[in-house]
Amino acid sequence: MTQGIGLVMQGGGALGAYEVGALTRIYQAGFEPEIITGTSIGALNAAVIAAPKLGDPIETLHALWEHLSHAPGFIWHSSQKLLRASMGHPRFFKLHPPSFMSENRPSIYDITPALETMEKFIDFERLNSEDAPRLVITATNVATGQIERFSNRDHYLTSRHIMASGSLPPGFPPIELDGHYYWDGGLYDNTPIRSLLRILDDYQISHMPIFLIELFCPEGIIPTTVEEAIYRMTELVFEDKFWLMLDGDKCAQHYSHMLYDLDKLVPEDSPIRDCEHYRSLMKMRAISHIITVKAEHNALTGVVDFEPKSINERIKTGYLAADQALINYADRIEAIISATHEGHMTDNTHSEHKPHPEGKRCQ
């Protein structure tokens, strides 16, 4: 018997192989996602998990990353990996013809190979059916600068939606969807926790563990060169900042428990329960259910390092990190599932996950 979970998947290019290892261990432990949010490479991995074309999600995910593994044909020094990556990846992106600098193009690369790769490993008919887990991918609206969310419950998701979530400029072009243009969702928020919390129903808020797989470690080096400064700046842009808002995991736990206590104080017939802002606030109770699979520090060149050896090492590291998280948080996971954590019992009579109707605005 499997246990339903939520999944939050970061972006990070080739670092996404780490998610493969982590998910392998999570599935082995008997967990399968009901709701997944992802951005950039996390959106690609999420779509494969939600609708694997080979049938089995983990088998298909490993097949995808074997397909993405790209050996140069000869040995490159580590300092030349960025140079090699700039030449393209035959199954992901390729350089525009040499005349591109003189043409009116907003990107360096053609992403047709990435779209073709998605079609090989994602069953889009299944992805957009009610049988698939609920998937939300995020992208940044180029014109407004705001995050936008695309769900397989509200949209018919295609390879272009997933590419929009991972189209990092200036390498990749803005992706047009319904007359609007999108870039990588990680430019706005590389850790789409809020995108998951906002769609949870009351039963899921009370009973569902949520696994967050990080690809960027908050700690980094002090730069000694301009190149290192650029790398560290980029890491800071894409690392998880959600917990900073709550002053870390421990304070987040207290915040969640405070919200449970607050909800008990509000009378069942109070009009505030119909307020959309109150409902939104109460969804934050689920932050106490987030189990983080932490990342180790990687050189930023790892984002473009698709060499088979590097991919395999990241898969192994992600597996071990998820295993450690399952051990460290075993008691919390059990408490979440049984809904007896920290003394607040919840209603166990729900047999289905039924979303509540939209709340009305506070007057």
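Residues numbered from 1 in each chain as written. Predicted model: local features only at pLDDT ≥ 70, side-chain atom pairs only at ≥ 80, totals over all residues. Heavy atoms only, no water.

The chain has the name NTE family protein in an unreviewed UniProt entry, where Pseudovibrio ascidiaceicola is given as its organism.

1. Description of unusual backbone geometry
To keep things clear, this is the line we draw: Helix and strand assignments come from DSSP, with helices taken as H or I runs of at least 4 residues and strands as E runs of at least 2, each series counted from the N terminus.
Backbone torsion omega between Pro169 and Pro170 reads -5 degrees, so that peptide bond is classified as cis. Of note, Pro170 is situated in the loop between helix 7 (159–165) and strand 8 (175–177). Phi is positive for Ser40, which is not a glycine, with a value near 60 degrees. With respect to the secondary-structure elements, Ser40 resides in the loop between strand 2 (31–39) and helix 2 (41–50). Phi angles above zero are rare outside glycine, and Asp178 is one such case at about 50 degrees. Mapped onto the fold, Asp178 is located in the loop between strand 8 and strand 9 (180–184).

2. Looking at a nonpolar patch on the surface
To be explicit about the condition: Surface patches are defined over residues having more than 30% relative accessible area and no salt bridge, joining like charges when they lie within 9 Å and nonpolar side chains (Val, Leu, Ile, Met, Phe, Trp, Tyr) when within 5 Å. Throughout, the Shrake-Rupley method with a 1.4 Å probe supplies accessible areas, and for residues the shown protein chains are the sole cover considered. We define a salt bridge as a contact between a side-chain nitrogen of Lys or Arg and a carboxyl oxygen of Asp or Glu at a distance within 4 Å. Type-normalised accessible area, obtained with a 1.4 Å probe on protein chains alone, sets the label of each residue: buried when under 20%, exposed when over 50%, and partly exposed for intermediate values.
Together, Val226, Ile230, Met233 and Val237 make up a nonpolar patch on the protein surface, roughly 390 Å² of accessible area in all. Residue class for Ile230 comes out partly exposed when judged on its relative accessible area of 45%.

3. Digging into the pattern of salt bridges
Overall, the coordinates contain ten salt bridges when judged by the stated rule. In this structure, Asp305 and Arg314 form a salt bridge, with 3.7 Å as the shortest nitrogen-oxygen distance. Both residues of the pair, Asp305 and Arg314, belong to the buried class. Among the charged side chains, a salt-bridge network with shared partners connects Asp202, Asp263, Glu268, Arg273 and Arg285.

4. Quick notes on the nonpolar core
Note the following rule: Residue types Ala, Val, Leu, Ile, Met, Phe, Trp, Tyr and Cys, when buried and joined through side-chain atoms within 4.5 Å, form a set referred to as a nonpolar core. Two residues qualify as a contact provided that any one of their heavy atoms is within 4.5 Å of a heavy atom in the partner residue.
Membership of the largest hydrophobic core comes to 66 residues, with the highest contact counts inside it found for Trp65, Ile122, Ile162, Phe211 and Ile213. Counting residues per element, this core draws most heavily on helix 2, which supplies eight residues. Residues within four places of Phe211 in sequence aside, it is in contact with Ile5, Gly6, Leu7, Val8, Ile26, Phe31, Ile291, Leu326 and Ile333. Grouped together as the second largest cluster of nonpolar side chains are 26 residues, Ile193, Ile199, Met208 and Tyr278 included.

5. What about the environment of Glu235?
Note the cut-off: Distance and chemistry together define a polar contact, namely a pair of N or O atoms within 3.5 Å, with one atom able to donate a hydrogen and the other to accept it when in protein, and with adjacent residues in sequence counting only for side-chain atoms on both sides.
In this structure, Glu235 sits in helix 10 (residues 226–238). The exposure class of Glu235 is buried, given its relative accessible area of 6%. Residues Glu235 and His297, spaced 62 residues apart in sequence, show a C-alpha to C-alpha distance of 9.9 Å. One polar contact links Glu235 to Arg232, side chain to side chain, over a distance of 2.9 Å.

6. Some points on the packing of helix 1 (residues 17–28) against helix 13 (residues 308–328)
Helix-helix packing: each pair is described by the crossing angle between the helix axes and the interaxial distance. Threshold: Only the contacting stretch of a helix is used when fitting its axis, a line to C-alpha atoms as for every element, and angles between N-to-C directions run 0 to 180 degrees. Angular relationships are summarised with four words: roughly parallel below 35 degrees, roughly antiparallel beyond 145, roughly perpendicular across 65 to 115, and oblique for the angles in between. Each crossing gets its handedness from the near helix: less than a right angle anticlockwise from the far helix is left-handed, clockwise is right-handed. Put simply, Ala, Val, Leu, Ile, Met, Phe, Trp, Tyr, Cys and Pro go in the nonpolar bin, Asp, Glu, Lys and Arg in the charged bin, and everything else, Gly too, in the polar bin.
Here helix 1 crosses helix 13 at 40 degrees, and the two axes come no closer than 6 Å. Taken together, the axis directions place helix 1 and helix 13 in an arrangement best described as oblique. Helix 1 and helix 13 meet at a crossing whose hand is right-handed. In this structure, helix 1 contributes Ala17, Tyr18, Val20, Gly21, Ala22, Thr24, Arg25, Ile26 and Gln28 to the contact, and helix 13 contributes Ile311, Arg314, Ile315, Thr317, Gly318, Tyr319, Ala321, Ala322, Asp323 and Leu326. Grouping the amino acids of the contact of helix 1 with helix 13 by side-chain chemistry returns eleven nonpolar, five polar and three charged.

7. Thoughts on the pairing of strand 2
Counted only if it meets this: In this scheme, strands are said to pair when DSSP sees at least two bridges between them. When the strands point away from the viewer and the path from the first strand over the helix to the second turns clockwise, the crossover is right-handed.
With respect to burial, strand 2 is a largely interior element, seven of its nine residues being buried. Pairing geometry for strand 1 (residues 3–9) and strand 2, over seven bridges, is parallel. When the sheet's bridge partners are listed, Gln3 is paired in strand 2 with Phe31. Once the chain exits strand 1 it traverses helix 1 before rejoining the sheet at strand 2, and the crossover so formed is right-handed. Both strand 2 and strand 6 (residues 134–141) contribute to a ladder of five bridges, which runs parallel.

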